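# Structural overview
Take a look at the letters that make up each chain.
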Amino acid sequence: MMDKKSSVWRGESKNIYVIIFSFLVLQNYLKTSLIFSEATSNVHIVYMGEKQYKDPAAVKKLHHNMLSALLGSKEAARDSILYSYKHGFSGFAARLTKSQAEKIAEFPGVVQVFPNRIHKLHTTRSWDFLGLQHHFRNDLLTEGKFGDGTIIGVIDSGVWPESESFNDEGMGPIPSRWKGTCQHGKHFNDSNCNKKLIGARWFIKGLRHISKMPINITNDIEFLSPRDKMGHGTHTASTAAGRFVEKANYKGLASGIARGGAPLARLAIYKVCWAVNTGGCTDADILKAFDKAIDDGVDIISASLGNEMPLFSYVDQRDSVGIGSFHAVTKGITVVVAGGNDGPFSQTIANTAPWLITVAATTIDRAFPMAITLGNNQTLMGQSLDTEKQVHGFTGLTYSERIALDLTDDSSMDCQFWSLNATLAAGKVVLCFSKSDQQDMISAAYAINEAGGVGLIYAQFGDNQLDSCHAIPCIRVDYEVGTQILSYIRKARVPTVKPSVPRTVIGASASPRVAYFSSRGPSSITPGVLKPDIAAPGVSILAAYPPQDTEHSSGYAFVSGTSMACPHVTGIVALIKSTHPDWSPSAIRSALVTTASQKGNDGMDITEVGPTYKAADPFDIGGGNVNPVRAVDPGLIYNISVHDYIQYLCALGYSNKSITRLTRTNPKCMKNNRYKLNLNLPSITIPNFKKTATVSRMVTNVGEITSVYEAQVQDPYGVQMVVEPRILRFNLTTKVLPFKVTFLSTQKIQGDYRFGSLIWTDGKHLVRIPVSIRVRDSHSYPEV
């Protein structure tokens, strides 16, 4: 028998006790973790639809009373709530556990409770390219009074107020209806607002609580104020409504007069997007920005942000842009949004609600060519934005795979980090070929710089997005030019290259083209609503930007994206609103869509930059590339009331109860599944067409009082369009007329979408709507 007093036993007993104690501690920890997980509070948005009371104080009191009833005390309610949405609609954002969120969802008046999420942010030449030459008289700029009298709310990443684009010299008094404020914060106070920049607010509570870590703002990484660190908001605001600024340029390129679309429109900034931690913009903050913008008195809201795939249904309410914009539109506020940057793939379009103006991105006719002279005196052309740190004289040239660290690893082809041999790369210009979405030109430039290279020639598919590389000068070429350079490298004993300095060239390239990155339709959530609505310049747009060094108080930069296309349309909307202050948001959208252009500056159809360079269709550009001069006088408009939107929601199958909670109306839903084809949009899209379909529309005359319009149709292939009546006669008493379009299939084979158009013309106006139809086999697909 073992002696229990021996040191061996004592050691073994001690180990057993430690194991037992550890097990008990672990068991208790796991139990505590489960309890903690259940008790962890996350920000939830309690959405209640239209306001029950007109008085915001009464709405706020209702929210606090609900929280008090849920949490047991007024103090707990006060500690829990982040925002009370009490102006444009009703609801609040509060810290709630999962079980608390489930309980409050059952409270009377609550439409839906959903967790707070993060969203990502999706010009010296562009306005002239669109036909708005400021030095010509009697154009839309002067007729629209340069946007004077309108207030644009920009929901984005803030503003750099010192930029000359926001000076208020010569501007008149701020509109008396304005109720906003200039909210203080870090490096921002009342002095940063003026008669141009009339208001600025910032919202970060939603991001604070979703990031679950302290907000790092040391060394001015970000500003807890409306001041813009990212640059995105400054760029979009100045594109929409920046003042005239002479000699604006980016390092000598694109020099000229920078201006926004509506230079005399007022700007109100709502900062919801942040360059901290994971960054982004949260639902809670976005909704609060919409709520305050509606109450402040803006006429237009510009929001270059939105959801990513998959999209949420409109009654689901987790689409904060869709929710906020619905309430804005019901108050007569036009909302313009970016379509997203997930192109060139089909069904990637975001912000698909029918009450939004959703914008795709196109190119303009400006390029930045750069001659590339090889050691054999052959000269090829690329493009670059890098005018500094240029390679002078002939310099060694090599191909990335020749200087790979590991010859069996193909990551060196597109110059990924740590794939290059620093000894072989040192002092040379390196040719790289793009081969995946995992690498881009800027990342390749940093990888080459890290390896000791002095320049980059980056061959890629014809993506028209051009960026400055900063670390080393870089030149973008297409695969054809890249292959020619590679052939020279392989033949030469000592290959060399001499790049020139890039220059600015206008009018030499066929434009517009749909940008490679621009998201495409059809809508994945409601394919019967055409998205995007319209296209506008969004590639290499020069606009105001925060200074990148301490020597300058403000600067200008090139940025690309549908985020840049969105404020172009916003500026045009301001001009139209100044000319037609009584037009509804849908009337303005109709004027933009029906007057858009489908032709480029070369007289050919607009093409899209994608795998095939095909002619652009409505899922690429909606009605076409925006034509601001024609949009101010469209002749006819397709108007849509709030009632129409409600009937559309009914047609989607949402219940009367859910729509009542959303809109605070008592709709009488017309249980007709085909009604969703009859929303009075300036487009017709039938995603599941069989043998025949009839679509109704109604147009309002906004041109000459007495006028006669005749229909012209371009049939989609395999489908015949019959318009009744074919003649519309307007006079002093007849301003609104309905018509029907019947579609008849002329072939049995099903296929993909086919496209056509319907034009109403009086000899002066061409009122065109795009038509998109997908023929489906009746035995394989459900009826529309």
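Residues numbered from 1 in each chain as written. Predicted model: local features only at pLDDT ≥ 70, side-chain atom pairs only at ≥ 80, totals over all residues. Heavy atoms only, no water.

## A closer look at the overall build of the protein
Within the protein, the regular secondary structure consists of 19 helices and 38 strands. When burial is assessed residue by residue, the protein has 57% of its 784 residues classed as buried. Total accessible area computed for the protein in this model is approximately 32500 Å², and 54% of it derives from carbon and sulfur atoms. (Helix = DSSP H or I, 4+ residues; strand = E, 2+ residues; numbered from the N terminus. Buried < 20%, exposed > 50% of the residue type's maximum accessible area, 1.4 Å probe, protein only. Areas by Shrake-Rupley, 256 points an atom, 1.4 Å probe, with all protein chains shown as cover.)

## A few points about the confidence of the model for the protein
Per-residue pLDDT for the protein has a mean of 86; in total, 86% of the residues score no lower than 70. Every residue in residues 1-38 scores below 50 in pLDDT, and together they form seven contacts with partners more than four places removed in sequence or on other chains. Throughout residues 779-784 the model reports pLDDT below 50, and contacts reaching past four residues in sequence, or to other chains, amount to 13 contacts. (pLDDT = per-residue confidence, 0-100. Contact = heavy atoms within 4.5 Å.)

## Brief notes about the pattern of salt bridges
One pass over the structure, following the stated rule, counts 18 salt bridges. Where Asp 620 meets Lys 614, a salt bridge forms, and the shortest distance between an N and an O atom there is 2.7 Å. Taking relative accessible area as the criterion, Lys 614 reaches 31% and is therefore assigned partly exposed. Where salt bridges share partners, they join Arg 520, Glu 608, Lys 614, Asp 617 and Asp 620 into one cluster. (Salt bridge = Lys/Arg side-chain N within 4 Å of Asp/Glu carboxyl O.)

## Side note on the pairing of strand 13 (residues 300-303)
Where burial is concerned, the two faces of strand 13 agree: the one with Ile 300 and Ser 302 and the one with Ile 301 and Ala 303 are both buried. Where strand 6 (residues 151-156) meets strand 13, four bridges bridge the pair, whose relative direction is parallel. In the strand pairing of strand 13, Ile 152 is matched with Ile 300. (Pairing = 2+ DSSP bridges.)

## Thoughts on the sheet that holds strand 32 (residues 692-701)
As summarised here, the arrangement of the four strands in space is 30-32-36-34, forming an open sheet in which the pairing is antiparallel. In the strand order of this sheet, the two ends are held by strand 30 (636-637) and strand 34 (719-724), each with one partner. Note: strand 32 against strand 36 (residues 736-745), nine bridges, orientation antiparallel. When the bridges of strand 36 are listed, Val 695 appears paired with Val 741.

## Things to note about the packing of helix 8 (residues 232-241) against helix 14 (residues 562-579)
The interhelical angle for the contact between helix 8 and helix 14, taken along N-to-C directions, is 30 degrees, at an axis separation of 7 Å. What the angle tells us is that helix 8 and helix 14 run roughly parallel. The crossing of helix 8 and helix 14 is right-handed. Contact residues: His 232, His 235, Thr 236, Thr 239 and Ala 240 in helix 8; Ser 563, Met 564, Pro 567, His 568, Thr 570 and Gly 571 in helix 14. Its residues assigned to classes, the contact of helix 8 with helix 14 comprises three nonpolar, eight polar and no charged. (Axes fitted to C-alpha atoms, helices over the stretch in contact; angles between N-to-C directions. Parallel < 35°, antiparallel > 145°, perpendicular 65-115°, else oblique. Left-handed = near helix turned anticlockwise from the far one by under 90°. Nonpolar A, V, L, I, M, F, W, Y, C, P; charged D, E, K, R; others polar.)

## Notes on the nonpolar core
Core analysis: the biggest nonpolar cluster contains 54 residues, and Ile 155, Tyr 270, Val 272, Val 298, Ile 301 and Leu 305 have the highest contact counts within it. At seven residues, helix 9 (residues 283-296) tops the list of elements feeding residues into this core. The residues touching Ile 155, leaving out its near neighbours within four places in the chain, are Tyr 270, Val 272, Ala 289, Phe 290, Ile 301, Ser 302, Ala 303, Ser 304 and Leu 305. Core analysis: the next-biggest nonpolar cluster, separate from the first, contains 45 residues, Ala 241, Ile 357, Ala 515 and Ile 588 among them. (Core = buried A, V, L, I, M, F, W, Y, C linked by side-chain atoms within 4.5 Å.)

## A look at the environment of Ile 705
As for its position among the elements, Ile 705 is in the loop between strand 32 and strand 33 (707-714). Distance from Ile 705 to Asn 731, taken between C-alpha atoms, is 5.3 Å for residues 26 residues apart in sequence.

## Section: the packing of aromatic side chains
Counted according to the given criterion, the structure contains 21 aromatic pairs. Residues Tyr 47 and Phe 89 carry aromatic rings whose centres are separated by 6.2 Å and whose planes lie at 55 degrees to one another, so their mutual orientation is tilted. Linking Tyr 47 in strand 1 (residues 42-47) with Phe 89 in the loop between strand 2 (81-85) and strand 3 (91-96), this pair joins segments that are 42 residues apart in sequence. Aromatic pair Phe 461 and Tyr 516: ring centres 5.4 Å apart, planes at 55 degrees, arrangement tilted. Highlighted residues: Phe 461 in the loop between strand 21 (455-459) and strand 22 (474-477) and Tyr 516 in the loop between strand 25 (513-514) and strand 26 (534-537), separated in sequence by 55 residues. Take Phe 461: its relative accessible area is 26%, and that puts it in the partly exposed class. Lying across the ring of Trp 160, Arg 227 places its NZ or CZ 4.6 Å from the centre. (Phe/Tyr/Trp six-rings, centres within 6.5 Å; stacked < 30°, edge-to-face > 60°. Lys NZ or Arg CZ within 6 Å of the ring centre and 35° of its normal.)

## Some remarks on the sheet that holds strand 3
Read from one edge of the open sheet, four strands run 2-3-1-4, paired in antiparallel fashion. Single-partner strands in this sheet number two, and they are strand 2 and strand 4 (112-115). Within this sheet the neighbouring strands show an average axis-to-axis angle of 20 degrees, counted without direction. Where strand 2 lies against strand 3, four bridges are found, and the strand directions are antiparallel. Along strand 3, the bridge assignment pairs Ile 81 with Ala 94. Strands strand 1, strand 2, strand 3 and strand 4 of the sheet are contacted by helix 9, whose axis makes an angle of about 35 degrees with strand 2.

## Re empty space enclosed by the protein
The calculated volume of the second largest cavity comes to roughly 60 Å³. Grouping the amino acids of the lining of the second largest cavity by side-chain chemistry returns five nonpolar, one polar and three charged. (1 Å grid on protein atoms, 1.4 Å probe; cavity = no way out; pocket = protein on both sides within 12 Å on 5 of 7 lines; lining within 4 Å. Points joined across faces, edges and corners; volume = space filled by probe spheres on them.)

## A closer look at the state of the cysteines
Under the definition given, this model contains four disulfides. Disulfide partner of Cys 182: Cys 193, at an S-S distance of 2.1 Å. Of note, the bridge from Cys 182 to Cys 193 carries an S-S torsion of about 85 degrees and is right-handed in sense. Here Cys 182, found in the loop between strand 6 and strand 7 (197-202), pairs with Cys 193, found in the loop between strand 6 and strand 7; they are 11 residues apart in sequence, far enough to count as distant. One exposure class covers both Cys 182 and Cys 193, and it is buried. Each sulfur in the disulfide pair Cys 415 and Cys 432 lies 1.7 Å from the other. Torsion about the S-S bond of the Cys 415 and Cys 432 cystine: about -75 degrees, corresponding to left-handed handedness. (Disulfide = S-S within 2.5 Å.)

## Observations regarding helix 8
Judged by how many residues are buried, helix 8 sits mostly within the fold: 10 of 10 residues are covered. Buried within helix 8 we find His 232, Gly 233, Thr 234, His 235, Thr 236, Ala 237, Ser 238, Thr 239, Ala 240 and Ala 241.

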